[in-house]
Amino acid sequence: MNGLAARYGQVMAGAEGRLTDEERAVVHRELAELARLAPHTGTVLDAMRAVAAAVPERLYQDSGQVLRRMHEIAGFGNYQSCLSSLPTVHACFELGLAPGAGRTSLTAELVVGRGHIAPSFYAEQYVRGLLPFLPLTTMHRGGMTGVVHRDWGFANTMRYSLGVGLAQAVSRAWELSRDGDTRKVVCLAGDGELHEGVTFECIRFAHEAGLSNLVLVVDANDRGIEPLLKPLNRDYLRSYFTTVVEVDGQDADSVRTALSQLLDAPGPAALVCRTRKGAHSFKPDRAVAAPPTIPSFATTTGRMLATGQARSGRTARVFTADMANRFGLPGHMPYENTGLAETLSVGLTLGLSDDDLKVVATDAMYYMDSLSMLTEAATSVRRLMVLAGRNWAAWGGAANAFNLLSLLINTRVYEPITEEEFHACARRLEDDPGTVHVLSMVDARFEPPAVDCSAAVDDGVWIERPQDSDADTVVISFGYATTLVAEANASIGLPHLHCAALNPVLSRPVLDALSRYRRVVSVEYNGAHGGFGAWLRNRYLLPVTVHGVRDDIHNCVHEVQLRRHEMAPDQLRELLLPARARAGEDYAAARA
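This structure is a prediction, so every number in the text was calculated from the model and none was measured.

Visitor: Sorry, what's going on with the sheet that holds strand 5 (residues 269-274) here?
Guide: In any sheet, the strands associate via hydrogen bonds between backbone groups, in a parallel or an antiparallel arrangement. A sheet is described by the order of its strands in space; here five strands give the open sequence 1-2-3-5-4, paired in parallel fashion. Strand pairing shows two members of the sheet lacking a second neighbour, strand 1 (108-112) and strand 4 (243-248), which therefore form its edges. For this sheet, the mean inter-axis angle between neighbouring strands, taken without regard to orientation, is 20°. Alignment of strand 3 (residues 214-220) against strand 5, held across six bridges, turns out to be parallel.

This is the structure we're talking about:
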């Protein structure tokens, strides 16, 4: 079996229990065909095209049904977003705009700004015989990316920033225009996405630069993650586009006809497709029937903020860019939803009273979109708390906040994992209101440790206390990684120090205890470069071996994320075991 077949076989195996008998049989035939491609030197997409041709059987003829099965197998995802854009995607295939459409449009190029609707394209490719079922079973689990990427045939790649698609489209339209190329650029976007500041800048620039070759297609479903405050402003589009057409976005033929006409018509144009969208996040039926007993830690934030407000008596002003549910705000805290405008969420704190607690609830990656405004707030606002929701790894908010903001202004960064640690961070902000406090709020379910750093949030606390033993190694962990290390260390018993601060200020007793060990292992579920372990090594000159995330983000479910970054408890146990084993061997040799 070649490496590609082995890889996809391994990834697919994790989803096998969620496949029907018919799906399982077809996928195994496809795997066998993939194994026969030897040795494969092309792209993954080329290989999948070959497999689709060799196994032409289609389990489903309707792309909407395929789309639902993809999300059911993955276990989560933006199913409703993908479904609302599916007729538009179908029209793009009919016009030869879509990747893998079988024929290439000679008159236009497609940029998918609404990058998370990539599964809609995959579903349509499957029913058209352009993809096998195999990769569809691996979405979000390490085999197929859930967002647009060049590796899967798209003209553009998106990492995390909403609005970047329109920037890419304007860039391409500008370049074609400069070269005298008459092709147009079609950009698919969402009405929530148009809240982003960069989209306003792009539309303004395209108008002032006289770009006549841009066609903006807007999926207008009146909601982002939450319902929009007001519908898309059509008059705004008419101010910048020569032609604005509105159609029923759930009728693929209407979309295709209108888009075809706009491609032939002169001048820049916008096509508004009216669609419907249900709840933002897809959950399989079984998840609805049997919800987890432990909530995500991030979703307890609203309750903790309410408790803290009652304790302090200080008014909290909470702003979020469409992420109220992620932080459990509804029913607990009043908040202002700015749609998907991260910059505005920060900007709304600038004119408030010094006495107010300002809370910006955003994503660990998305707040980087508003870095310029965050810099302004960090240097002028008192009592500013940034909640950086996090479930990815290397792009986690903690390291970014520390490495970027701390260059500009005094910044404290924490990853609380108990309610009392959260309140300790809030109390510290109360005592030091001129320092920005960034709290990395982990969007994962875990049991909190029995002890925490709430008594001294900048120091460390022993999960496993040092003993008079032969161990030569101590492990220090940051934030969420503590829960993973504690599980890994349960049967080993190494001394284990937990820190809630990314840049801890360790007390003399803790430092004295650490100095007894020849080897210090730091573990952080975070960017390891310039992060927690580097701080320990550089500030305290400890012999630290850093274990953390060193790779780029992976668009996959949490348990897969852990394994990819070697952060799963069994992997951490292998990291810690050799140290204890070596210590035992050295001790036995000394006694002999």
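Visitor: How do you make sense of empty space enclosed by the protein when you look at a structure like this?
Guide: With a probe scaled to a water molecule rolled over the atoms, the places where space remains empty come into view. Tallied over the entire structure, the rule returns one cavity of 30 Å³ or more. Lining the largest cavity we find Ser85, Thr88, Val89, Arg114, Ile117, Leu188, Ala189, Val217 and Asp219. The set of elements that each furnish at least two residues to the lining of the largest cavity consists of helix 5 (79-94), strand 2 (184-190) and strand 3. Among the elements that line the lining of the largest cavity, the one with the most residues is helix 5, at three residues. Within the lining of the largest cavity, the residues separate by chemical class into five nonpolar, two polar and two charged.

Visitor: Can you walk me through the packing of aromatic side chains in this structure?
Guide: Aromatic rings in a pair are described by how distant their centres are and how their planes are angled relative to each other. One pass over the full model with this rule turns up 13 aromatic pairs. Aromatic pair tyrosine 60 and phenylalanine 133: ring centres 6.1 Å apart, planes at 45°, arrangement tilted. Here phenylalanine 133 lies in the loop between helix 6 (118-127) and helix 7 (164-178) and tyrosine 60 lies in the loop between helix 3 (44-54) and helix 4 (63-74), a separation of 73 residues in the sequence. Given the relative accessible area of 1%, phenylalanine 133 is considered buried. Look at phenylalanine 200 and tyrosine 236: their rings are 5.3 Å apart centre to centre, the planes differ by 50°, and that puts the pair in the tilted class. Of the two residues, phenylalanine 200 is situated in helix 8 (residues 197-208) and tyrosine 236 in helix 9 (residues 234-240); the sequence distance between them amounts to 36 residues. Accessibility expressed as a relative area gives 40% for phenylalanine 200, which makes it partly exposed. An aromatic cluster of three or more residues is present, and its members are Phe93, Phe121, Tyr122, Trp152 and Phe154. Its end group placed over the ring of tyrosine 126, arginine 58 keeps NZ or CZ at 4.3 Å from the ring centre. The side chain of arginine 178 reaches across the aromatic face of tryptophan 174, ending 4.5 Å from its centre.

Visitor: Would you mind showing me how to read the pattern of salt bridges here?
Guide: Opposite charge on two side chains permits them to pair, given that their charged atoms come into close proximity. One pass over the structure, following the stated rule, counts 33 salt bridges. For arginine 274, the salt bridge identified is with glutamate 246, shortest N-O distance 3.5 Å. With a gap of 28 residues between them, arginine 274 in strand 5 and glutamate 246 in strand 4 connect regions that are remote in the sequence. With relative accessibility at 40%, the residue arginine 274 sits in the partly exposed group. One salt-bridge network, held together by shared partners, links Glu23, Arg68, Arg69 and Glu72.

Visitor: Please clarify how the nonpolar core should be interpreted in this entry.
Guide: Side chains of nonpolar character tend, in soluble globular proteins, to be buried together. In this structure, Phe121 and Val186 are the most contacted members of the largest nonpolar core, which totals 64 residues. Aside from chain neighbours lying at most four places away, what touches valine 186 is Leu97, Ala108, Glu109, Leu110, Val111, Val215, Val217, Leu259 and Leu263.

Visitor: Any chance you could explain the confidence of the model for the protein here in plain terms?
Guide: Any segment with low pLDDT has predicted coordinates that should not be analysed in fine detail. Chain-level pLDDT for the protein is 88 on average; 89% of the residues reach the 70-or-more range. For the protein, per-element mean pLDDT is lowest for helix 11 (residues 285-289), which scores 54, and highest for strand 14 (residues 496-499), which scores 98.

Visitor: Sorry, what's going on with the sheet that holds strand 12 (residues 460-464) here?
Guide: Taken in spatial order, the five strands of this open sheet run 12-14-13-15-16, and their pairing is mixed. A single partner strand is all that each edge strand has here, and the edge strands are strand 12 and strand 16 (544-549). Ignoring strand direction, the axes of neighbouring strands in this sheet form an average angle of 25°. Note that strand 13 (residues 473-478) and strand 15 (residues 519-527) share six bridges and pair parallel. Bridge pairing in strand 15 links valine 475 to valine 521. Against the sheet, helix 17 (residues 481-489) touches strand 12, strand 13, strand 14 and strand 15, its axis set at about 145° to strand 13.

Visitor: Can you walk me through the pairing of strand 16 in this structure?
Guide: Note on strand geometry: in a regular strand, side chains alternate between the two faces of the sheet. Summarising burial for strand 16: five of the six residues are buried, a large majority. Handedness of the β-α-β unit built from strand 15, helix 19 (residues 532-540) and strand 16 comes out right-handed.

Visitor: Explanation requested: the layout of surface pockets in the structure shown.
Guide: Size it by volume and the second largest pocket reaches roughly 320 Å³. Taken together, 16 residues form the lining of the second largest pocket, with Leu194, His195, Phe200, Lys230 and Pro231 sitting closest to its centre. In terms of residue class, the lining of the second largest pocket is built from nine nonpolar, five polar and two charged.

Visitor: I keep staring at the environment of proline 578 and nothing clicks. Help me out?
Guide: Inspection of the secondary structure assignment puts proline 578 in helix 21 (residues 569-591). A relative accessible area of 34% means that proline 578 is categorised as partly exposed. Taking the C-alpha atoms as reference, proline 578 lies 10.0 Å from threonine 473; in sequence the two are 105 residues apart.

Visitor: Sorry, what's going on with the pairing of strand 6 (residues 316-320) here?
Guide: Where burial is concerned, most of strand 6 is hidden: four out of the five residues are buried. Relative to strand 8 (residues 357-363), strand 6 runs parallel, the two sharing five bridges. When the bridges of strand 8 are listed, alanine 316 appears paired with leucine 357. Inspection of the sheet shows strand 6 paired to strand 7 (residues 336-337) by two bridges, in the parallel sense. Bridge pairing in strand 7 links threonine 320 to asparagine 337.

Visitor: Is there a simple way to explain helix 12 (residues 301-312) in this structure?
Guide: In an α-helix, one turn spans 3.6 residues; hence positions three or four apart end up facing the same way. Counted at 1.5 Å a residue, the expected span for helix 12 with its 12 residues is 16 Å, and the 16 Å between its end C-alpha atoms agrees. Those residues of helix 12 lying buried are Thr301, Gly302, Met304 and Leu305. Seen along its axis, helix 12 keeps its buried residues to an arc of 160°; they face one direction. Seen from the open side of helix 12, the exposed residues pointing more than 90 degrees away from its buried face are Ala310 and Arg311. Looking at the buried positions of helix 12, the neighbouring elements they touch are strand 6, strand 8, strand 9 (384-390), helix 16 (419-431) and strand 11 (436-442). Downstream of helix 12 by one or two residues, glycine 313 has phi in the positive range, about 75°.

What counts and how
Residues numbered from 1 in each chain as written. Predicted model: local features only at pLDDT ≥ 70, side-chain atom pairs only at ≥ 80, totals over all residues. Heavy atoms only, no water. Pairing = 2+ DSSP bridges. Helix = DSSP H or I, 4+ residues; strand = E, 2+ residues; numbered from the N terminus. Axes fitted to C-alpha atoms, helices over the stretch in contact; angles between N-to-C directions. 1 Å grid on protein atoms, 1.4 Å probe; cavity = no way out; pocket = protein on both sides within 12 Å on 5 of 7 lines; lining within 4 Å. Points joined across faces, edges and corners; volume = space filled by probe spheres on them. Nonpolar A, V, L, I, M, F, W, Y, C, P; charged D, E, K, R; others polar. Phe/Tyr/Trp six-rings, centres within 6.5 Å; stacked < 30°, edge-to-face > 60°. Buried < 20%, exposed > 50% of the residue type's maximum accessible area, 1.4 Å probe, protein only. Lys NZ or Arg CZ within 6 Å of the ring centre and 35° of its normal. Salt bridge = Lys/Arg side-chain N within 4 Å of Asp/Glu carboxyl O. Core = buried A, V, L, I, M, F, W, Y, C linked by side-chain atoms within 4.5 Å. Contact = heavy atoms within 4.5 Å. pLDDT = per-residue confidence, 0-100. Right-handed = clockwise from strand over helix to strand, strands pointing away. Expected span 1.5 Å × (residues − 1). Arc of directions from axis to C-beta.

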